[in-house]
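One letter stands for each residue in the lines below.
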Amino acid sequence: MSDTKASTEKAPPKTEAELDPVHIRIRELKKGYDDTPVLRGVTLDIERGFINVIIGGSGAGKSVLTRQLLRLEKPDSGEIVVDGTDIAMLDDWKLVPIRKKFGMVFQFGALFDSMSVFDNVAFPLREHTKMNRSEVHDRVMARLATLNVAHAAHKLPAQISGGMQKRVAIARALVLEPEILVYDEPTSGLDPVSSRIVDDLISETAASFGVTSVVITHDMASVFKIGHRVNMLYKGLIEASCTPDEILRSQNPIVIDFLTASGVKMKQ
Amino acid sequence: MANETATKEPAENEPKPQSEKTEVEPEKLPNIAVRFAEWVFAAPVIALAEIGLVMRLLWDTVLWGIRRPYRISLVISMCEFIGVQSMIIVGLTGASVGAVFGLQLVEGFRQLGAENQTGSVVSIALARELAPVFSSLMISARAGSAIATEIGSMRVTNQIDALTTMSVNPIQYLIFPRVLAGLLMTPIMALFFYLIGFAGAYAVATEVYGLDGGIFIERMRWYVDAKDLLQGLTKAAIFGVTLTIISCRQGFYASGGAAGVGLATNRAVVQSSVAVLVLDYFITTFFV
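Since we're looking at a predicted model, the values are computed, not measured. The residue numbering used here restarts from 1 in each chain and proceeds along that chain's sequence as written. Chain letters and ligand numbers both follow the written order, the letters beginning at A and the numbers at 1. Residues qualify for local features only when their pLDDT is at least 70, as the model is predicted, and side-chain atom pairs are given and counted only at 80 or more; totals for whole chains, interfaces and linings, by contrast, use all residues.

Engineer: Which residues make up the overall build of chain A, and what values go with them?
Structural biologist: Secondary structure elements are defined from DSSP: runs of H or I of at least 4 residues count as helices, runs of E of at least 2 residues count as strands, and each element is numbered from the N terminus. Helices and strands together make up the secondary structure of chain A, namely 10 helices and 10 strands. For a compact globule the rule gives 2.2 Å times the number of residues to the power 0.38, and the radius of gyration it is set against comes from C-alpha atoms. Over its C-alpha atoms chain A spans a radius of gyration of 19 Å, differing by no more than 12% from the 18 Å that the globule rule assigns to 268 residues. Taking the principal axes of its C-alpha atoms as reference, chain A extends roughly 55 × 40 × 35 Å. Residues with at least 20 neighbouring C-beta atoms inside 10 Å of their own are called buried, those with 12 or fewer are called exposed, and the rest are partly exposed, where every C-beta is derived from the backbone. Across the 268 residues that make up chain A, the buried fraction comes to 40%. Note on contacts: residues are paired as contacts if their backbone-placed C-beta atoms lie within 7 Å. Within chain A, counting contacts between residues at least 6 apart in sequence, those at least 24 apart form 66% of the total.

Set out below in structure tokens:
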């Protein structure tokens, strides 16, 4: 890890907020569009260093919650506290240092289609570090090699498969070594084998880099394979927030309905 | 079999199908007069809102543009795209407009016995009006449409969101270089249009109609001064900013997948062209 750090400067001592086991604290978060409420007061803790999974049916507000979490949109009200800073209403220019804590893997990768795989992964390094050409090259190739896509470095995103695009997107999200990685539907559109490979990647990434992971999904196999905490969003509210084992014993009829409809066998 | 099913009468005691229970009455549309009145009153409000949005985006672009980091290579790349790559189409249009304008003027002036004035009138018209307006329209059609499509595609495929999550402001990264390149390159393209257009008119006047080349040039030098060129270049600079910011706005706020991007491109070209023509009048009033 240390040999690939963006900067060789000594890391500053962690503040009290940075030692808090809750990495992101969301309180009474509300967001609506044209008088239609989508998030109706979400309260949620994202635990530091764990894989926090957010599940829910279509239209439950998962994607909207992700957009608020990364402040791609301003919420109507509520708090999103990241390491002690409430980012819910911060101005764009004040968000710049906070956003550097995040890495995001979009559902369809969102790779820059005019750039090669290499340039996509190198982009955050060129923007935010003073690394020279060879340092950038080494770092990018190391990340691509970790994710088994080094051979596609010179290709354009359109020339590689969906699974590879996802791996490149993970490499890009990881290259600046963020503290929080957000995955939006990481296994959607992938075949079962590729899905399990992506699941393994998420677990390995969380374990090796110690990042806090937020995984938005409705792939229940993934939830039970990788999740440390499961949060269920239903009609803009958190219905359950517990461990995967606890959710299997839930008595909440909404949770039971969702899990059984997803083919999960509840424990009595 | 199909006919049997279609003609089968439901039994009296048979429960009604689900679709009948959920059937809703079609919404009644207001009459045509009400709809027309709504359209008449809504149109100016929509237009003003659009102008407000573009001005707000331009203001944000300026604010983000003066902030570090300065991406010089992106600006150069956009200058190449908006300017250098537009040279052929601007040159062709310039040659055509100049030649046709020269042709019409020589014919017209000949009836008054004043064909020697062709050089001065062609030059003034090109410098003040034709060069800035035509070159801007051509750049709008070629580069403006491409800008709207590119940024719109980035929007609908989350690439702009990806920039934001990487702490790269998309206005600073995508819009500012394009607007600055529009500001710098459109006047250069207008000047290029002027030179090619004048050459076209000169060729027609001297080669086709046999006018004296020396008189043609001398008349131009006699009548056209720096103020005329300044007027044209000022217009071109304003048009350059206008067409790029409108194209960026359309792409930046595009939604609705491929169809949305197509609509954004269409609007970018139409709105830019209309804006150039309308602004031309108001800028001209400052100079006359």
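Engineer: So, the overall build of chain B: which residues are in play, and what are the values?
Structural biologist: A count of helical and extended segments in chain B gives 11 helices and zero strands. Scanning chain B from its N terminus toward the C terminus, one meets helices and strands in the order α-α-α-α-α-α-α-α-α-α-α. Considering chain B as a whole, with its 288 residues, one finds that 41% of them fall into the buried category. In chain B, once contacts between residues fewer than 6 apart in sequence are set aside, the share between residues at least 24 apart is 89%.

Engineer: I'd like to hear about the confidence of the model for chain B, residue by residue, with values.
Structural biologist: As a per-residue measure, pLDDT reflects the predictor's confidence and takes values from 0 up to 100. Confidence in the prediction of chain B, expressed as mean pLDDT, is 87, and 90% of residues score 70 or more. In the predicted assembly, ipTM is 0.83 and pTM is 0.82.

Engineer: Could you give an account of the packing of helix H3 (residues 32–65) of chain B against helix H8 (residues 170–208) of chain B, naming the residues involved and the relevant values?
Structural biologist: All names here are of chain B. To get an axis, a line is fitted to the C-alpha atoms, and for a helix only the part in contact is used. The angle between two axes follows their N-to-C directions and goes from 0 to 180 degrees. For the pair H3 and H8, the least separation of the axes is 9 Å and the interaxial angle reads 100°. Our classification of the angle between H3 and H8 gives roughly perpendicular. Residue-level inspection shows Asp-60, Thr-61, Trp-64 and Gly-65 of H3 in contact with H8, the latter providing Ile-171, Gln-172, Ile-175, Phe-176, Val-179 and Leu-180. Across the contact of H3 with H8, the residue classes break down as six nonpolar, three polar and one charged. For this classification, under 35 degrees means roughly parallel, over 145 means roughly antiparallel, 65 to 115 means roughly perpendicular, and everything else is oblique. Under the convention adopted here, Pro, Cys and the residues Ala, Val, Leu, Ile, Met, Phe, Trp and Tyr are nonpolar, Asp, Glu, Lys and Arg are charged, and Gly plus all remaining residues are polar.

Engineer: An account of the sheet that holds strand E1 (residues 22–33) of chain A is needed here, citing residue identities and associated values.
Structural biologist: Residues and elements named next belong to chain A. Pairing is antiparallel in the open sheet, where four strands are placed in the order E2-E1-E4-E5. Edge positions in the sheet fall to strand E2 (36–47) and strand E5 (85–86), since each has one partner strand and no second. DSSP bridges decide pairing: two strands pair if at least two such bridges lie between them. Pairing of E1 with strand E4 (residues 77–82), which is carried by five bridges, proceeds in the antiparallel orientation. Looking at E4, one finds that Lys-30 is bridged to Ser-77. Its contacts with the sheet put helix H2 (residues 62–69) on E1, E2 and E4, and the angle it makes with E2 is roughly 65°.

Engineer: Could you give an account of the environment of Ala-207 of chain A, naming the residues involved and the relevant values?
Structural biologist: All names here are of chain A. By the element assignment, Ala-207 lies in helix H7 (residues 192–209). Residue class for Ala-207 comes out exposed when judged on the 11 C-beta atoms lying within 10 Å of it. Each C-alpha atom of the pair Ala-207 and Asp-113 lies 30 Å from the other, and the pair is 94 residues apart in sequence.

Engineer: How would you sum up the sheet that holds strand E7 (residues 180–184) of chain A? Please name residues and give values.
Structural biologist: All names here are of chain A. Strand order in the open sheet formed by six strands is E6-E7-E8-E3-E9-E10, and the pairing between neighbours is mixed. The two strands at the open ends of the sheet, each matched to only one other strand, are strand E6 (102–105) and strand E10 (237–242). Going from strand to strand, the sheet's axes swing by 15° on average, the running direction of each strand aside. In this structure, strand E9 (residues 229–234) lies alongside E10, joined through five bridges in antiparallel fashion. In the strand pairing of E10, Met-232 is matched with Ala-240. On top of the sheet, H7 reaches strand E3 (51–55), E7 and strand E8 (212–216); it is set at about 160° to E8, its chief contact.

Engineer: Break down the nonpolar core for me, with residues and values.
Structural biologist: Only buried Ala, Val, Leu, Ile, Met, Phe, Trp, Tyr and Cys residues enter a nonpolar core, and they are joined through C-beta atoms within 7 Å. Of all hydrophobic cores here, the largest spans 133 residues; its most connected members are Ala-171 and Val-182 of chain A. Tallying contributions element by element places H8 of chain B first for this core, with 19 residues. Here Ala-171 of chain A is in contact with Val-121, Arg-143, Leu-144, Leu-147 and Val-149 of chain A, once residues within four sequence places are set aside.

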